[in-house]
Amino acid sequence: MNLAIVLGGGAARGAYHLGFLHFCDENKIEISAFSGASIGAIIGASYASGVSAKEQFKIFSSKEARKNLKLNYFKNTGLIRINTETKLTDELFPIKKLEDIPKPVWVNAYDLKEKKLHYFNSGDTVKLCLGSSALRVLFPPIEYENMSLIDGGYFDNLPLKPLENKGYDILSIDLFAKKKFTKTNLGKSIYSKIKRAILSQLYENHKYTLSHTNYYLGSEYITDFHLFTFHQMQDCFDLGYKEAKEFFTYNF
């Protein structure tokens, strides 16, 4: 098995990725390469740099992580900014260049200036991962080498393309597993309409990955977890661990 993993974006639901990878750690399951969007980019780059899933979970669960998010109401670039001048980023990203990470890692981000989606596998690890997770409205763009980078997940939330034709068995892990839109689960509010539009775009962008991946993991329970809260991280982590065990038992 020459397994490569696509780690989809999904903010706090990234704890699911960590639970999955923790199962891999415990069972010595080797991952050959990573491609990620948003929180998936952060987790993939950190894990490939040698930071275990359990270590990452402790970092994201810490009081320091909560302090690292700063409100930014009076800037028209976004509502929240991330303070990168802490030991937190050094703990998450011990290897500062993507090309120096021992395993291949791709990070996607969208350049507002060029209006182009990029798949990076070289460059500044911290800035590119933060660019990949800079969800518009919530986070300001990351300025990097004449680019203004925002979350690549809106354009390709399961970035499989960099892993193609390289001899990998590709597993795509989706933190937005599809549910049917119904009156009961979405309603008629403006928020619901916006949510439906965003999800529809995500699912449209998923089509290529779903038709080209070797394996797909999209939990029917993942949408029970909120995107922007720390309170459910342990349960989400446990779900990822449980479903990793089921996945490998069934497929290998």
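What counts and how
- Residues numbered from 1 in each chain as written.
- Predicted model: local features only at pLDDT ≥ 70, side-chain atom pairs only at ≥ 80, totals over all residues.
- Heavy atoms only, no water.
- Phe/Tyr/Trp six-rings, centres within 6.5 Å; stacked < 30°, edge-to-face > 60°.
- Helix = DSSP H or I, 4+ residues; strand = E, 2+ residues; numbered from the N terminus.
- Buried < 20%, exposed > 50% of the residue type's maximum accessible area, 1.4 Å probe, protein only.
- Contact = heavy atoms within 4.5 Å.
- Polar contact = N/O pair within 3.5 Å; in protein donor to acceptor, adjacent residues only side chain to side chain.

This brings us to the packing of aromatic side chains. According to the stated counting rule, one finds 13 aromatic pairs in the structure shown. Ring geometry for Tyr215 and Phe247: centres 5.8 Å apart, planes at 90°, overall edge-to-face. Here the residue Tyr215 occupies a position in strand β10 (residues 215-217), and Phe247 occupies one in helix α9 (residues 233-251), the gap between them amounting to 32 residues. Overall, the relative accessible area of 22% leaves Tyr215 in the partly exposed class. The exposure class of Phe247 is buried, given its relative accessible area of 6%. With 5.1 Å between their ring centres and 80° between their planes, Phe247 and Phe248 make a pair best called edge-to-face. The two residues Phe247 and Phe248 agree in class, both being buried.

It is worth spelling out the environment of Thr209 at this point. Structurally, Thr209 is set in helix α8 (residues 190-212). For Thr209, a relative accessible area of 2% corresponds to the buried category. The sequence separation of Thr209 and Leu158 amounts to 51 residues, and the corresponding C-alpha distance is 6.5 Å. Among all residues touching Thr209, those that are not within four sequence positions of it are Asp156, Leu158, Leu160 and Ser172. Of the polar contacts made by the side chain of Thr209, one reaches the backbone oxygen of Leu158; its length is 2.5 Å.

None of the figures reported here should be taken as evidence of function without further support.
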